[in-house]
Amino acid sequence: MALRISGLLGYTDPGPFQFSERSMSDPLPLDAVSRIAVAGAGAIGQWVGAMLAAAGRDVGLLGRPILVAAAEKKGLRATDGDGGSYGVAAAPGLAFTDPEMLSDADVIVVATKGRDTAAMGELIAKHARPDAVVVSLQNGVANPDRLRQALPGRDVRAGMVGFNVVMRAPGDTHRATGGHVMVASGPRPGLGAVLSVPGMPVRERDDMDGVAWTKMLINLNNALNALSGLPLYDEITHGGWRKLWAASIREGLKEAKAAGVTPVRVFGPPPPIFVAM
């Protein structure tokens, strides 16, 4: 079963992991020396990992062999639309293909696509410590629950990345829009502090279900933008396309109500405002 899951996610080339040893029976409060694993390092995962590494956090990325080769050859680099450039030099121990690297992590940031969430949850259940905090930095509203199903009784938290990241090359990513990272508060304190670094502030919130639904409702415009073929500003200021977006949000709000969730203000006006536009 483990081999099948590894193959599904592309992590089929085991390599040595180099986190330093520590007592697994002594879970420390989360702080700047907590060990962080970014599991499923695509564009978002690589950007987050590079930002953490540049700030001196003890971080490793679980990804495909092409990422490991890039990290060992040229390091990790992250840039943003504000002119910031962050990174770390090439070195072994930045990226791994072997999920055993999860075994020494205090925090596991899951950044896979939704289709791989359940499989990643199984890998975490197999390799990670029971006290590790697991954070879903994924789009959609169902991924935290999928992880909880695979990890019963563990500290699994929802998260939200409020910006877009593009991958210029393996190990080289760029934040293309503005926004914040938000994570749910939970029983083990310090998650927001350990993930928050220069250029990537992270806020803890008690209403992450509402945050996730708000982002999902705003993202309903993505399909309309693709269909229109227009630049984003031109599309959302066009009366016809804006009405279609409002209709999509109206339907989404009904689904949120049925799910017992109230969307909240995250960036810009709250979703109900767009219905009246």
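In short, a report on the structure. (Residues numbered from 1 in each chain as written. Predicted model: local features only at pLDDT ≥ 70, side-chain atom pairs only at ≥ 80, totals over all residues. Heavy atoms only, no water.)

**Here's the deal with the nonpolar core**
Judged by nonpolar contacts, the single largest core of 35 residues is most densely connected at Val107, Leu191, Leu195 and Met200. Top contributing element to this core by residue count: helix α2 (residues 43-54), with 6 residues. Counting 18 residues, the second-largest nonpolar core is a separate cluster that includes Val110, Leu123, Ala128 and Ala132. (Core = buried A, V, L, I, M, F, W, Y, C linked by side-chain atoms within 4.5 Å. Buried < 20%, exposed > 50% of the residue type's maximum accessible area, 1.4 Å probe, protein only. Helix = DSSP H or I, 4+ residues; strand = E, 2+ residues; numbered from the N terminus.)

**Overview of the sheet that holds strand β4 (residues 85-88)**
Reading across from one edge, β4-β3-β10-β9 is the order of the 4 strands in this open sheet, with mixed pairing throughout. This sheet does not close on itself; its edge strands, each paired only once, are β4 and β9 (165-169). Adjacent strand axes in the sheet meet at a mean angle of 20°, parallel and antiparallel pairs treated alike. Two elements, strand β3 (residues 76-80) and strand β10 (residues 172-175), share 4 bridges in a ladder whose sense is parallel. Opposite aspartate 80, over in β10, you have arginine 175 as the bridge partner. (Pairing = 2+ DSSP bridges. Axes fitted to C-alpha atoms, helices over the stretch in contact; angles between N-to-C directions.)

**Notes on the sheet that holds strand β5 (residues 95-96)**
Whenever strands of a sheet pair, they do so through backbone hydrogen bonds, lying parallel or antiparallel. Strand order in the open sheet formed by 8 strands is β5-β2-β1-β6-β7-β8-β11-β12, and the pairing between neighbours is mixed. Among the strands making up the open sheet, the edge pair consists of β5 and β12 (202-205). Two elements, strand β8 (residues 156-161) and strand β11 (residues 181-184), share 3 bridges in a ladder whose sense is antiparallel. By the bridge assignment, valine 161 is partnered in β11 with valine 181.

**As for the environment of alanine 37**
On the secondary structure map, alanine 37 appears in strand β1 (residues 35-39). Overall, the relative accessible area of 0% leaves alanine 37 in the buried class. Taking C-alpha positions, alanine 37 is 4.8 Å from isoleucine 108, a pair spaced 71 residues apart along the chain. Ignoring sequence-local partners within four residues, the contact set of alanine 37 consists of Gly60, Met101, Leu102, Ala105, Val107, Ile108 and Val109. (Contact = heavy atoms within 4.5 Å.)

**Some remarks on the pattern of salt bridges**
Opposite charge on two side chains makes pairing possible when the charged atoms of those side chains draw close. All told, the structure shown has 13 salt bridges when counted by the stated rule. With a shortest N-O distance of 3.6 Å, aspartate 80 and arginine 175 are connected by a salt bridge. On the criterion of sequence distance, the pair formed by aspartate 80 in strand β3 and arginine 175 in strand β10 is long-range, its members being 95 residues apart. Taken individually, aspartate 80 and arginine 175 each receive the classification buried, so the pair is uniform in this respect. A salt bridge links arginine 205 to aspartate 207, with the nearest nitrogen and oxygen atoms 2.8 Å apart. You can call arginine 205 buried: its relative accessible area is 13%. Because the salt bridges share partners, they merge into one network encompassing Arg35, Asp58, Asp104, Asp106, Arg129, Asp131 and Arg188. (Salt bridge = Lys/Arg side-chain N within 4 Å of Asp/Glu carboxyl O.)

**Concerning the packing of aromatic side chains**
Counted under the stated rule, the structure contains 1 aromatic pair. With 5.1 Å between their ring centres and 65° between their planes, tryptophan 47 and phenylalanine 163 make a pair best called edge-to-face. Of this pair, tryptophan 47 sits in helix α2 while phenylalanine 163 sits in the loop between β8 and β9, and the two are 116 residues apart along the sequence. Classification of tryptophan 47 by relative accessible area gives buried; the value is 1%. When its relative accessible area of 6% is taken as the criterion, phenylalanine 163 is described as buried. Lying across the ring of phenylalanine 163, arginine 175 places its NZ or CZ 5.8 Å from the centre. (Phe/Tyr/Trp six-rings, centres within 6.5 Å; stacked < 30°, edge-to-face > 60°. Lys NZ or Arg CZ within 6 Å of the ring centre and 35° of its normal.)

These figures capture arrangement, not role.
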